[in-house]
Amino acid sequence: QKEVEQDPGPLSVPEGAIVSLNCTYSNSAFQYFMWYRQYSRKGPELLMYTYSSGNKEDGRFTAQVDKSSKYISLFIRDSQPSDSATYLCAMSAGVTGGGNKLTFGTGTQLKVEL
Amino acid sequence: DAGVTQSPTHLIKTRGQQVTLRCSPKSGHDTVSWYQQALGQGPQFIFQYYEEEERQRGNFPDRFSGHQFPNYSSELNVNALLLGDSALYLCASSLGRREQFFGPGTRLTVL
(Lines give C-alpha, C1' and ligand atoms only; values in the text may rest on other atoms or scores of the structure.)
Protein backbone atom coordinates (compact mmCIF):
# COMPACT_ATOMS: atom_id res chain seq x y z
CA GLN A 1 0.00 0.00 0.00
CA LYS A 2 1.28 3.45 -0.92
CA GLU A 3 1.79 6.02 1.84
CA VAL A 4 -0.27 8.57 -0.12
CA GLU A 5 -3.25 7.63 -2.29
CA GLN A 6 -4.71 9.94 -4.90
CA ASP A 7 -7.29 9.23 -7.62
CA PRO A 8 -5.50 9.78 -10.94
CA GLY A 9 -8.68 10.83 -12.76
CA PRO A 10 -9.04 12.22 -15.34
CA LEU A 11 -11.61 14.60 -13.89
CA SER A 12 -13.56 16.72 -16.38
CA VAL A 13 -15.74 19.66 -15.22
CA PRO A 14 -17.48 22.60 -16.91
CA GLU A 15 -16.09 26.10 -16.53
CA GLY A 16 -17.30 27.75 -13.34
CA ALA A 17 -17.74 24.49 -11.42
CA ILE A 18 -16.40 23.85 -7.93
CA VAL A 19 -13.66 21.21 -8.07
CA SER A 20 -12.84 18.89 -5.18
CA LEU A 21 -9.52 17.03 -5.15
CA ASN A 22 -8.58 14.60 -2.41
CA CYS A 23 -5.78 12.50 -0.96
CA THR A 24 -5.61 9.96 1.82
CA TYR A 25 -2.48 8.90 3.66
CA SER A 26 -1.35 6.23 6.07
CA ASN A 27 1.69 7.75 7.82
CA SER A 28 0.53 9.47 11.02
CA ALA A 29 3.88 11.31 11.24
CA PHE A 30 2.94 13.62 8.36
CA GLN A 31 2.44 17.17 9.65
CA TYR A 32 2.97 19.40 6.60
CA PHE A 33 0.61 19.20 3.64
CA MET A 34 1.00 20.77 0.23
CA TRP A 35 -0.78 21.00 -3.09
CA TYR A 36 1.18 21.50 -6.29
CA ARG A 37 -0.11 22.19 -9.79
CA GLN A 38 1.81 20.74 -12.72
CA TYR A 39 1.20 21.66 -16.32
CA SER A 40 2.21 19.17 -18.99
CA ARG A 41 5.98 18.68 -19.19
CA LYS A 42 6.65 21.41 -16.60
CA GLY A 43 7.83 21.43 -12.98
CA PRO A 44 5.31 21.42 -10.09
CA GLU A 45 4.15 24.84 -8.85
CA LEU A 46 3.35 25.26 -5.15
CA LEU A 47 -0.30 26.29 -4.60
CA MET A 48 -0.98 25.71 -0.92
CA TYR A 49 1.14 24.88 2.16
CA THR A 50 -0.51 24.00 5.45
CA TYR A 51 0.58 22.71 8.83
CA SER A 52 -1.48 20.23 10.84
CA SER A 53 -5.31 20.19 10.71
CA GLY A 54 -7.62 22.98 9.57
CA ASN A 55 -8.50 25.11 6.57
CA LYS A 56 -6.50 27.61 4.55
CA GLU A 57 -7.87 29.85 1.83
CA ASP A 58 -6.01 31.68 -0.94
CA GLY A 59 -8.13 33.31 -3.61
CA ARG A 60 -10.16 30.63 -5.40
CA PHE A 61 -8.30 27.83 -3.61
CA THR A 62 -9.13 26.28 -0.22
CA ALA A 63 -7.06 23.52 1.38
CA GLN A 64 -8.48 21.34 4.15
CA VAL A 65 -6.62 18.90 6.38
CA ASP A 66 -8.28 16.33 8.64
CA LYS A 67 -5.49 14.52 10.47
CA SER A 68 -7.92 12.36 12.45
CA SER A 69 -9.16 10.84 9.18
CA LYS A 70 -5.80 11.14 7.38
CA TYR A 71 -7.57 12.99 4.58
CA ILE A 72 -6.73 16.22 2.77
CA SER A 73 -8.68 18.17 0.16
CA LEU A 74 -8.21 21.03 -2.28
CA PHE A 75 -11.24 22.97 -3.48
CA ILE A 76 -11.13 25.21 -6.54
CA ARG A 77 -14.00 27.69 -6.92
CA ASP A 78 -15.12 29.19 -10.23
CA SER A 79 -12.84 26.85 -12.16
CA GLN A 80 -11.28 28.18 -15.37
CA PRO A 81 -9.83 26.42 -18.46
CA SER A 82 -6.42 27.66 -17.28
CA ASP A 83 -6.85 25.44 -14.19
CA SER A 84 -6.53 22.38 -16.46
CA ALA A 85 -3.44 20.60 -15.14
CA THR A 86 -2.35 17.74 -12.90
CA TYR A 87 -2.75 18.42 -9.18
CA LEU A 88 -0.31 16.70 -6.85
CA CYS A 89 -0.74 16.38 -3.10
CA ALA A 90 2.48 16.15 -1.08
CA MET A 91 3.29 15.62 2.58
CA SER A 92 6.24 15.63 4.93
CA ALA A 93 6.88 14.64 8.51
CA GLY A 94 8.97 17.66 9.47
CA VAL A 95 12.11 17.82 11.57
CA THR A 96 10.96 15.61 14.44
CA GLY A 97 9.37 13.09 12.12
CA GLY A 98 12.42 12.28 10.06
CA GLY A 99 13.08 15.22 7.81
CA ASN A 100 11.16 17.20 5.25
CA LYS A 101 11.40 14.95 2.20
CA LEU A 102 8.15 15.21 0.29
CA THR A 103 5.99 12.16 -0.33
CA PHE A 104 3.65 12.69 -3.29
CA GLY A 105 0.43 11.21 -4.53
CA THR A 106 0.26 10.11 -8.17
CA GLY A 107 -1.57 13.30 -9.17
CA THR A 108 -5.11 13.96 -10.41
CA GLN A 109 -5.50 15.15 -13.99
CA LEU A 110 -8.10 17.93 -14.20
CA LYS A 111 -9.70 19.31 -17.36
CA VAL A 112 -11.96 22.36 -17.20
CA GLU A 113 -14.06 22.62 -20.33
CA LEU A 114 -15.67 25.70 -21.88
CA ASP B 1 13.90 37.25 -8.62
CA ALA B 2 15.05 34.13 -10.48
CA GLY B 3 13.40 30.91 -9.49
CA VAL B 4 14.97 27.47 -9.52
CA THR B 5 16.84 26.79 -12.74
CA GLN B 6 17.94 23.45 -14.15
CA SER B 7 20.14 22.38 -17.04
CA PRO B 8 20.00 20.86 -19.52
CA THR B 9 16.32 20.86 -20.49
CA HIS B 10 16.48 17.57 -22.35
CA LEU B 11 19.09 14.85 -22.54
CA ILE B 12 19.36 11.59 -24.49
CA LYS B 13 21.80 8.91 -23.34
CA THR B 14 22.38 5.23 -24.02
CA ARG B 15 22.39 2.40 -21.50
CA GLY B 16 25.57 2.19 -19.43
CA GLN B 17 26.49 5.85 -19.86
CA GLN B 18 26.80 8.43 -17.09
CA VAL B 19 24.91 11.72 -16.81
CA THR B 20 25.23 14.92 -14.76
CA LEU B 21 22.28 17.24 -14.17
CA ARG B 22 22.61 20.71 -12.67
CA CYS B 23 20.45 22.90 -10.46
CA SER B 24 20.67 26.49 -9.22
CA PRO B 25 18.39 27.22 -6.24
CA LYS B 26 16.06 30.17 -5.80
CA SER B 27 17.82 33.24 -4.47
CA GLY B 28 18.17 33.05 -0.68
CA HIS B 29 17.62 29.29 -0.49
CA ASP B 30 20.27 27.00 0.98
CA THR B 31 18.78 23.51 0.64
CA VAL B 32 18.40 21.48 -2.54
CA SER B 33 16.36 18.31 -3.01
CA TRP B 34 16.22 16.06 -6.06
CA TYR B 35 13.22 14.05 -7.24
CA GLN B 36 12.57 11.58 -10.06
CA GLN B 37 9.19 11.67 -11.79
CA ALA B 38 8.27 8.79 -14.09
CA LEU B 39 5.51 9.34 -16.63
CA GLY B 40 2.08 9.37 -14.99
CA GLN B 41 3.53 9.19 -11.46
CA GLY B 42 4.21 11.61 -8.66
CA PRO B 43 7.80 12.69 -7.95
CA GLN B 44 9.93 10.31 -5.89
CA PHE B 45 12.51 11.71 -3.44
CA ILE B 46 16.13 10.92 -4.31
CA PHE B 47 18.14 12.95 -1.77
CA GLN B 48 18.56 16.35 -0.11
CA TYR B 49 21.66 18.50 0.32
CA TYR B 50 22.31 21.12 2.98
CA GLU B 51 25.64 22.75 3.84
CA GLU B 52 27.30 20.68 1.11
CA GLU B 53 26.32 17.39 2.75
CA GLU B 54 23.69 14.79 1.96
CA ARG B 55 21.15 15.20 4.76
CA GLN B 56 18.53 12.67 3.72
CA ARG B 57 18.25 9.95 1.08
CA GLY B 58 15.36 8.06 -0.50
CA ASN B 59 15.26 4.49 -1.81
CA PHE B 60 17.59 4.94 -4.75
CA PRO B 61 20.72 2.86 -5.50
CA ASP B 62 24.26 4.15 -5.11
CA ARG B 63 24.36 4.79 -8.87
CA PHE B 64 22.62 8.03 -7.93
CA SER B 65 24.97 10.51 -6.28
CA GLY B 66 25.07 14.23 -5.79
CA HIS B 67 26.99 17.23 -4.72
CA GLN B 68 26.27 20.70 -3.38
CA PHE B 69 28.66 23.57 -3.96
CA PRO B 70 29.46 26.53 -1.62
CA ASN B 71 27.09 28.75 -3.68
CA TYR B 72 24.28 26.23 -2.88
CA SER B 73 23.98 24.98 -6.47
CA SER B 74 23.84 21.23 -6.89
CA GLU B 75 24.55 18.37 -9.28
CA LEU B 76 22.89 14.98 -9.65
CA ASN B 77 25.00 12.22 -11.15
CA VAL B 78 23.68 8.90 -12.39
CA ASN B 79 26.11 6.13 -13.39
CA ALA B 80 25.52 2.99 -15.47
CA LEU B 81 22.24 4.27 -16.87
CA LEU B 82 19.33 1.85 -17.23
CA LEU B 83 16.27 2.16 -19.45
CA GLY B 84 14.22 2.60 -16.27
CA ASP B 85 16.12 5.77 -15.41
CA SER B 86 14.21 7.58 -18.15
CA ALA B 87 12.19 10.23 -16.33
CA LEU B 88 11.78 13.90 -15.51
CA TYR B 89 14.38 14.88 -12.89
CA LEU B 90 13.24 17.71 -10.67
CA CYS B 91 15.25 19.93 -8.40
CA ALA B 92 13.56 21.75 -5.52
CA SER B 93 15.06 24.42 -3.29
CA SER B 94 14.06 25.67 0.13
CA LEU B 95 15.28 27.80 2.98
CA GLY B 96 16.16 25.15 5.50
CA ARG B 97 13.24 22.80 6.01
CA ARG B 98 10.57 25.20 4.79
CA GLU B 99 8.37 24.85 1.68
CA GLN B 100 10.07 23.56 -1.45
CA PHE B 101 9.92 25.26 -4.84
CA PHE B 102 10.57 23.25 -7.98
CA GLY B 103 12.47 23.95 -11.14
CA PRO B 104 11.25 23.07 -14.65
CA GLY B 105 13.06 19.73 -14.64
CA THR B 106 15.44 17.88 -16.94
CA ARG B 107 13.87 15.24 -19.15
CA LEU B 108 16.26 12.28 -19.45
CA THR B 109 15.72 9.62 -22.10
CA VAL B 110 17.82 6.46 -21.95
CA LEU B 111 17.94 4.41 -25.16
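For the structure itself, look to the data block above.
Small disclaimer: the values here were computed from a predicted structure and weren't measured.

Caption draft 1: Local environment of the pattern of salt bridges. Tallied over the entire structure, the rule returns 7 salt bridges over all chains. A salt bridge links A:Arg77 to A:Glu57; the shortest N-O distance between them is 3.4 Å. With A:Arg77 in the loop between strand E8 (71–76) and strand E9 (85–92) and A:Glu57 in strand E6 (residues 54–58), this pair connects stretches of sequence that are 20 residues apart. Here B:Glu75 and B:Arg22 are joined by a salt bridge, their closest N and O atoms 3.4 Å apart. Of this pair, B:Glu75 sits in strand E8 (residues 74–78) while B:Arg22 sits in strand E3 (residues 19–24), and the two are 53 residues apart along the sequence.

Caption draft 2: Looking closely at the nonpolar core. Ranked by internal contacts, the top residues of the largest apolar core, which has 24 residues, are A:Trp35, A:Ile72, A:Leu74, A:Ile76, A:Tyr87 and A:Met91. Counting only elements with at least two residues in this core, the list comes to strand E3 (19–25), strand E4 (32–38), strand E5 (45–51), strand E7 (61–66), E8, E9 and strand E11 (108–113) of chain A. Within the second largest apolar cluster, 20 residues are counted, among which are B:Cys23, B:Tyr49, B:Phe64 and B:Leu81.

Caption draft 3: Structural detail: the packing of aromatic side chains. Tallied over the full model, the rule gives 12 aromatic pairs over all chains. On the basis of an interplanar angle of 45° and a centroid distance of 5.7 Å, the ring pair of A:Tyr36 and A:Phe104 is categorised as tilted. Here the residue A:Tyr36 occupies a position in strand E4, and A:Phe104 occupies one in strand E10 (residues 103–104), the gap between them amounting to 68 residues. In this structure A:Tyr36 comes out as buried when scored by relative accessible area, which is 0%. With 5.3 Å between their ring centres and 90° between their planes, A:Tyr36 and B:Phe102 make a pair best called edge-to-face.

Caption draft 4: Geometry of the sheet that holds E3(B). All names here are of chain B. Strand order across the open sheet formed by 4 strands is E1-E3-E8-E7, with antiparallel pairing between neighbours. With partners counted over all chains shown, the strands left at the sheet margins are strand E1 (5–7) and strand E7 (64–68), one partner each. Ignoring strand direction, the axes of neighbouring strands in this sheet form an average angle of 20°.

Thresholds applied
Residues numbered from 1 in each chain as written. Chains lettered and ligands numbered in written order. Predicted model: local features only at pLDDT ≥ 70, side-chain atom pairs only at ≥ 80, totals over all residues. Heavy atoms only, no water. Salt bridge = Lys/Arg side-chain N within 4 Å of Asp/Glu carboxyl O. Helix = DSSP H or I, 4+ residues; strand = E, 2+ residues; numbered from the N terminus. Core = buried A, V, L, I, M, F, W, Y, C linked by side-chain atoms within 4.5 Å. Buried < 20%, exposed > 50% of the residue type's maximum accessible area, 1.4 Å probe, protein only. Phe/Tyr/Trp six-rings, centres within 6.5 Å; stacked < 30°, edge-to-face > 60°. Pairing = 2+ DSSP bridges. Axes fitted to C-alpha atoms, helices over the stretch in contact; angles between N-to-C directions.

Keep in mind these values describe shape, not function.
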